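Architecture and fold: a report
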Amino acid sequence: MRLFALNYARPAEQLEVSAAYTYDSDRQLNVLADGRAAVHDYGVLREAGATTSTAGSKTHFDD
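Treat the numbers as computed from the prediction; the structure is a model and nothing was measured.

Moving on, we get to the overall build of the protein. From N to C terminus, the protein includes 2 helices and 2 strands. Traced from its N-terminal end to its C-terminal end, the protein shows the element sequence β-β-α-α. Expressed as a percentage of its 63 residues, the buried residues of the protein come to 13%.

Given below as structure tokens:
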């Protein structure tokens, strides 16, 4: 028996997203290509809205 919803389910579209920063696990923050912390680049903040993860606020009420 096939579930009704599976007749209409479609895979989510994969969007190509490129960030101007990458995560540095040693420093535990997002960095730009030149090594500066991404949070200090106001252009990146304007474009991305933020450079931090929301995982903590979804798992801990006191973040």
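Turning our eyes to something else, we now look at the pairing of strand β1 (residues 21-24). Here 4 bridges tie β1 to strand β2 (residues 29-32), and the two strands are oriented antiparallel to one another. Bridging from a neighbouring strand, Thr-22 pairs with Val-31 of β2. Hairpin connection between β1 and β2: a loop of 4 residues separates the two successive antiparallel strands, and Gln-28 in this loop has a positive phi of roughly 55 degrees.

Taken as a whole and judged by the stated rule, the model has 2 salt bridges. Of the charged contacts, one joins Asp-34 and Arg-36 as a salt bridge, the two residues approaching to 2.8 Å between their closest N and O atoms. Of the charged contacts, one joins Arg-36 and Asp-41 as a salt bridge, the two residues approaching to 3.5 Å between their closest N and O atoms. Connected through salt bridges with shared partners, the residues Asp-34, Arg-36 and Asp-41 form a single ionic network.

What follows deals with unusual backbone geometry. Glycine aside, a negative phi is what most residues show, and trans is what most peptide bonds show. In this model, Gln-28 sits at a positive phi of 55 degrees, which is unusual for a non-glycine residue. Relative to the assigned elements, Gln-28 resides in the loop between β1 and β2. The exposure class of Gln-28 is exposed, given its relative accessible area of 62%.

Here Leu-32 lies in strand β2. With a relative accessible area of 8%, Leu-32 lands in the buried category. Here the alpha-carbon distance between Leu-32 and Ala-19, two residues 13 residues apart in the chain, equals 9.4 Å.

Calculation criteria
Residues numbered from 1 in each chain as written. Predicted model: local features only at pLDDT ≥ 70, side-chain atom pairs only at ≥ 80, totals over all residues. Heavy atoms only, no water. Helix = DSSP H or I, 4+ residues; strand = E, 2+ residues; numbered from the N terminus. Buried < 20%, exposed > 50% of the residue type's maximum accessible area, 1.4 Å probe, protein only. Pairing = 2+ DSSP bridges. Salt bridge = Lys/Arg side-chain N within 4 Å of Asp/Glu carboxyl O.

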